[in-house]
Amino acid sequence: MANHLHTSTIMKLFKCSNCAQPVYFENTFCLQCNSSLGFVADLLQPYALQVEKNNHYSLIGRKSNTLYRYCANFQNQVCNWIIPQNNPSNFCKACDLNRTIPNITNPEYANRWRKIEVAKHRLIYQLLRLKLPFKNRLQDTERGIVFDFMADENTLQGRILTGHDNGAITINISEADDIEREMARKSMNEVYRSLLGHFRHEIGHYYFDPLIGQSQHLERFRKFFGDERADYAGALERYYIQGPLPNWSRNYISAYATAHPWEDWAETWAHYLHIIDTLETAYAFGLSVDPLVAEASNNFSADITHDPYKVRNFDIILKQWLPLTFALNSLNRSMGLQDTYPFFITPPVSEKMKFIHEVVRNYQEKAAEVQEVMAV
């Protein structure tokens, strides 16, 4: 594990640049040396901070003439990202995407917003790590991303629905309440429901157009997911009245994925992000899984020695995923908790994930080619 700590691109296991103490992604200070910490989005890691004049900071452990300041939402205890002092915005790349936040004079709403921001910042980190395109609404008024975090306060407006609409992602802040989210999970007959899962699902809808709808991948998408031109509203209405397709688990990651090809894409996309993120953490910790009762089988053993963000062959990722989730689920059951990953990835679902991985890699490679041409 010590060797991994010196690899700057590893996520979910960071170190204080002042004393090398491991720290969490969300930490605002180091528990060992008490240095203030700030996450630098362009470098994809936190740094210990040296106080300079006018509430500006320099980075400890990195030679740079750039001075930084905290995102404006640092004062609300929802963000630990820092931005260059000459940044035209008062907000970091993650908070700059917010259009609506709840009424934080309500302590309960403020607490829910903090939980929402933790999940959203992890999402934005992952998008940056995947080098996927996104802009805020000020940069792109038609297709920029914007987040609306809202409460059911206005009865005339009706219940706020979590969803996506042409780059606008709405999250009902009730999803940040454990009891309300569990009630929703049961009423929807879901085996899993989380804030981060919502973000990953909704951002999947956003990426359909740039990665699929406006690309050469559309026909292959229809092969795996179906024809997205099918009536969306009608498909959802049928799903909520009739339920999922019979034997849905053979070809879909979830029951809701059967509602429409767009939902199948978004659900599978969310699980793809779950897998990549969790394996990155396992890689950062240098985990290996080698159950004593399965010595003769390779299906439940894995040395997680690959950073999933750099793996081209998705089969390698899946071969590590099965043993890891078997171990995680077993540990949770020992604590009397629900399975960490209560899903089974069938061959048809793995082919869909492999397609998503290929699409993402293809975008990354094309973007790198464009950068090389521009640099010449």
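All of these numbers come straight from a predicted model, not from anything done at the bench.

**Some remarks on the confidence of the model for the protein**
Phase 1 of the analysis: Per-chain confidence: the protein averages 90 in pLDDT, with 93% of residues scoring 70 or above.
Phase 2 of the analysis: Looking over the protein, one finds the lowest element-wise mean pLDDT in helix α2 (residues 178-187), namely 77, and the highest in strand β7 (residues 81-84), namely 98.
Phase 3 of the analysis: Counting contacts from residues 1-10, a segment whose pLDDT is below 50, to residues more than four positions away or on other chains yields 22 contacts.

**What to know about the side chain of H271**
Phase 1 of the analysis: Note that H271 resides in helix α6 (residues 261-284).
Phase 2 of the analysis: Here H271 is in contact with I253, Y341, F343 and M353, once residues within four sequence places are set aside.

**A closer look at the pairing of strand β11 (residues 168-172)**
Phase 1 of the analysis: Among the 5 residues in β11, 5 count as buried, and that is most of the element.
Phase 2 of the analysis: Side chains of β11 alternate between two faces, with A168, T170 and N172 and I169 and I171 buried alike.
Phase 3 of the analysis: Where strand β9 (residues 146-150) and β11 come together, 5 bridges link them in parallel fashion. Among the inter-strand pairings, M150 is bridged to a residue of β11, identified as N172.
Phase 4 of the analysis: Judged from the 3 bridges that link them, strand β10 (residues 163-165) and β11 form a sheet pairing that is antiparallel. Paired with D165 across the two strands is A168, which belongs to β11.
Phase 5 of the analysis: Count of turn residues in the β10/β11 antiparallel hairpin: 2 residues, of which N166 carries a positive phi of about 55°.

**A word on the sheet that holds β11**
Phase 1 of the analysis: Across the sheet, which stays open at both edges, the 4 strands sit in the order β8-β9-β11-β10 with mixed pairing between neighbours. If you trace the sheet from one side to the other, it starts and ends with β8 (98-100) and β10, each paired once. On average, each strand axis in the sheet is inclined to that of its neighbour by 25°, with strand direction left out of account.
Phase 2 of the analysis: Contacts from helix α1 (residues 107-130) reach β8, β9 and β11 within the one sheet, and its direction differs from that of β9 by about 160°.
Phase 3 of the analysis: Contacting β9, β10 and β11, helix α3 (residues 195-213) runs over the sheet at an angle of about 160° to β11.

**Observations regarding the packing of α6 against helix α7 (residues 314-334)**
Phase 1 of the analysis: At their nearest, the axes of α6 and α7 sit 10 Å apart, and the two run at 75° to each other. One element, α6, and the other, α7, form an angle in the roughly perpendicular class. Residues Y272, H274, I275, I276, T278, L279 and A282 of α6 lie in contact with α7, whose contacting residues are F314, I317, Q320, W321, L324 and L328.
Phase 2 of the analysis: Of the residues in the contact of α6 with α7, the class split is 10 nonpolar, 3 polar and no charged.

**Concerning helix α4 (residues 218-225)**
Phase 1 of the analysis: Of the positions making up α4, those classed as buried are L218, F221, R222, F224 and F225.
Phase 2 of the analysis: The first or second residue beyond α4 is G226, which carries a positive phi of 105°.

**Focus on the pattern of salt bridges**
A side chain with one charge may pair with a side chain of the opposite charge, provided their charged atoms come close.
Phase 1 of the analysis: Considering all chains together, one arrives at 23 salt bridges under this definition.
Phase 2 of the analysis: Note that R122 is salt-bridged to E26, the shortest N-O span being 2.6 Å. Of this pair, R122 sits in helix α1 while E26 sits in the loop between β2 (22-23) and β3 (37-40); the two residues are 96 residues apart in sequence, bridging distant segments of the chain.
Phase 3 of the analysis: One salt bridge connects D177 with R112, and the closest N-O pair in it is separated by 3.6 Å. On the criterion of sequence distance, the pair formed by D177 in the loop between β11 and α2 and R112 in helix α1 is long-range, its members being 65 residues apart. No difference in accessibility class separates D177 from R112, as the two residues are buried.

**Structural notes on α2**
Phase 1 of the analysis: Considered for burial, the residues of α2 that qualify are R181, A184 and R185. Across the axial projection of α2, the buried residues extend over an arc of 100°, all falling on one side. In α2, those exposed residues whose orientation departs by more than 90 degrees from the buried face are I179, M183, K186 and S187.
Phase 2 of the analysis: The elements touched by buried residues of α2 are α3.
Phase 3 of the analysis: Structurally, the start of α2 carries an N-cap: the backbone nitrogen of E180 is 2.9 Å from a side-chain oxygen of D177.
Phase 4 of the analysis: Count one or two residues on from α2 and you reach N189, which has phi positive near 55°.

Cut-off values and rules
Numbers given to residues run from 1 along each chain, matching the order in which its sequence is written. The predicted origin of the model limits local features to residues at a pLDDT of at least 70 and limits the giving and counting of side-chain atom pairs to 80 or more, whereas totals for whole chains, interfaces and linings rest on all residues. Based on all heavy atoms of the structure, the side-chain values leave hydrogens and waters out of the count. pLDDT expresses how confident the predictor is about each individual residue, on a scale running from 0 to 100. Here a strand is any run of E in DSSP of at least two residues, a helix any run of H or I of at least four, and the numbering for each starts at the N terminus. Throughout, a residue-residue contact means that at least one pair of heavy atoms, one from each residue, lies within 4.5 Å. Relative accessibility decides the category of a residue: with a 1.4 Å probe and only protein chains considered, values under 20% of the type maximum give buried, values over 50% give exposed, and everything between is partly exposed. Whether two strands pair comes down to DSSP finding at least two bridges between them. Every axis in this analysis is a line fitted to C-alpha atoms, fitted for helices over the stretch in contact. Angles between the N-to-C directions lie between 0 and 180 degrees. To sort the angles, those under 35 degrees are grouped as roughly parallel, those over 145 as roughly antiparallel, those from 65 to 115 as roughly perpendicular, and the leftovers as oblique. Gly is placed with the polar residues, together with every amino acid not listed as nonpolar (Ala, Val, Leu, Ile, Met, Phe, Trp, Tyr, Cys and Pro) or charged (Asp, Glu, Lys and Arg). Salt bridges are counted wherever a side-chain nitrogen of Lys or Arg sits within 4 Å of a carboxyl oxygen of Asp or Glu. The directions from the helix axis to the C-beta atoms are what the arc is built from. For this analysis, a polar contact is any N or O atom pair within 3.5 Å, provided that within protein one partner can donate a hydrogen and the other can accept it, and provided that sequence-adjacent residues contribute only side-chain to side-chain pairs.

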